[in-house]
Amino acid sequence: MLTGEAVVTSESLPSESSMDSLSFSHLPCLLLIISSLFSAATARASISASEAEKVPLALYYETLCPYCSNFIVNHLIKLFNNGDGLVSIVDLKLLPYGNAKIGPNGTITCQHGPAECLLNTVEACAIDVWPDLSQHFSFIYCIETLVYERKYPQWETCFEKLGLDPKPISDCYNSGYGKELELKYAAETNGLQPPHKYVPWVVVDGQPLYEEYENFISYICKAYKGPSIPSACNELSLNTIVKENVNPAGPVCYTEETIKPTLSSIIGSTIKAWMQRMNRAALI
């Protein structure tokens, strides 16, 4: 049990009418085979990418943003498709912080409330406790599937489903080390250049993908310079162009800074229109 754990209820997740209702009754089976898929993809693919040849892929996200969970559950999982070889050419880094803010004395406020801060820290601890990608991704995938299904109060069931010991995560969280990890992710997220505008914020080989984030595999294939091309890359068009100022093709959770100018411009336009009407009325 996590000391000071936020009360996590499904009602605390913002309603997202645009989300698909997808059943994951087969989740336990999926979770148990992710690790084997990772190993098989690496062993069976005719790719021997060195660490230097791997394409850096970073996902900046927050745990209760429904669009982040959608990306992890329905898109990022494609890296682990058996036989494609994609995961063997990628250096995947997950950064669970997103649009949170740091206040006085290092306090962290999360966009979707205390429950999100809890799960951000839990997933940060998982990445640290289980540095092996297949292990911590399986755990995060399990939690984010529950978020996607609006069942995330059941997140602790992921330990049993995956046969993982909850004590290292509990120790990480209760000792305060988890908060240190979150502050580290905060520094990395806030140091992004260009700054992130929303989450999920996907960066391939140092290049933010903006509205093209769901097309991340094409950018990985284009950036990969290794000796052998994964089979998944042969099926994709590599004519990719990143457009910085286009609205995202998929829904996102905007940063507070991105929202504020939009609201300000709306209010400013309303006031300006009202003043113009008043001026016209005075002239009549």
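Per an unreviewed UniProt entry, the protein is named Gamma-interferon-inducible lysosomal thiol reductase, and its organism is Vitis vinifera.

1. Regarding the pattern of salt bridges
Counted by the stated rule, this structure contains two salt bridges. Residue Asp171 is joined to Lys167 by a salt bridge in which the shortest nitrogen-to-oxygen separation is 2.7 Å. Of the two residues, Asp171 and Lys167 both sit in helix H6 (residues 167-174), four residues apart, roughly one turn of that helix. Residue Asp171 is classed as partly exposed on the basis of its relative accessible area of 38%.

2. Re the nonpolar core
Judged by nonpolar contacts, the single largest core of 81 residues is most densely connected at Leu57, Leu76, Leu79, Phe137, Phe139 and Phe216. Sort the elements by how many residues they give to this core and helix H4 (residues 133-148) lands first, with ten residues. Beyond its immediate chain neighbours, meaning those up to four positions away, Leu57 contacts Leu76, Leu79, Val90, Asp91, Leu92, Lys93, Val202, Val203, Val204, Phe216 and Ile220.

3. A look at the state of the cysteines
Taken as a whole and judged by the stated rule, the model has five disulfides. The disulfide bridge from Cys142 ends at Cys158, spanning 2.0 Å between sulfur atoms. Around the S-S axis, the bridge from Cys142 to Cys158 shows a dihedral of about -90° and counts as left-handed. With a gap of 16 residues between them, Cys142 in helix H4 and Cys158 in helix H5 (residues 157-162) connect regions that are remote in the sequence. There is no split in this pair, since Cys142 and Cys158 are both buried.

4. Here's the deal with the sheet that holds strand S1 (residues 55-61)
Here four strands make up an open sheet; going across it, the order is S2-S1-S6-S7 and the pairing mixed. The outermost strands of the open sheet, each flanked by one partner alone, are strand S2 (90-96) and strand S7 (207-208). Sheet topology places S1 next to strand S6 (residues 201-204); four bridges connect them, and they run antiparallel. Looking across to S6, one finds that Leu57 is bridged to Val204. Sheet strands touched by helix H3 (residues 114-129): S1 and S2. Its angle to S2, the strand with the most contacts, is close to 145°.

5. Let's talk about the pairing of S1
Burial of S1 is extensive: six of the seven residues sit out of reach of the surface. Here S1 runs beside S2; their pairing, made up of seven bridges, is parallel. Looking at the pairing, Ala58 lines up with Lys93 of S2.

6. Quick notes on H6
The set of residues buried in H6 consists of Ile169, Ser170, Cys172 and Tyr173. Each buried residue of H6 sits inside an arc of 160° when the element is viewed along its axis, so together they form one side. Next to the buried residues of H6 lie H3, H5 and helix H7 (177-190). Of the residues flanking the end of H6, it is Gly176, one or two places downstream, whose phi is positive at about 95°.

7. Let's talk about the packing of H3 against H4
Where H3 meets H4, the closest approach of the two axes is 9 Å, and the angle between their N-to-C directions is 160°. In terms of orientation, H3 and H4 fall into the roughly antiparallel class. When the axes of H3 and H4 are compared, the crossing they make is right-handed. Along its contact with H3, which presents Leu119, Val122, Glu123, Ala126 and Ile127, the element H4 presents His136, Phe139, Ile140, Ile143 and Glu144. Counted by class, the contact of H3 with H4 contains seven nonpolar, one polar and two charged residues.

8. Some points on the packing of aromatic side chains
All chains considered together, the criterion is met by ten aromatic pairs. For the pair Trp201 and Tyr210, a centre-to-centre distance of 5.2 Å together with 80° between the ring planes defines the contact as edge-to-face. For the pair Trp201 and Tyr210, one class covers both residues: buried. The structure contains a cluster of three or more aromatic residues connected by ring pairs, namely Trp130, Phe139, Trp155 and Phe159.

Cut-offs applied
Residues numbered from 1 in each chain as written. Predicted model: local features only at pLDDT ≥ 70, side-chain atom pairs only at ≥ 80, totals over all residues. Heavy atoms only, no water. Salt bridge = Lys/Arg side-chain N within 4 Å of Asp/Glu carboxyl O. Helix = DSSP H or I, 4+ residues; strand = E, 2+ residues; numbered from the N terminus. Buried < 20%, exposed > 50% of the residue type's maximum accessible area, 1.4 Å probe, protein only. Core = buried A, V, L, I, M, F, W, Y, C linked by side-chain atoms within 4.5 Å. Contact = heavy atoms within 4.5 Å. Disulfide = S-S within 2.5 Å. Pairing = 2+ DSSP bridges. Axes fitted to C-alpha atoms, helices over the stretch in contact; angles between N-to-C directions. Arc of directions from axis to C-beta. Parallel < 35°, antiparallel > 145°, perpendicular 65-115°, else oblique. Left-handed = near helix turned anticlockwise from the far one by under 90°. Nonpolar A, V, L, I, M, F, W, Y, C, P; charged D, E, K, R; others polar. Phe/Tyr/Trp six-rings, centres within 6.5 Å; stacked < 30°, edge-to-face > 60°.

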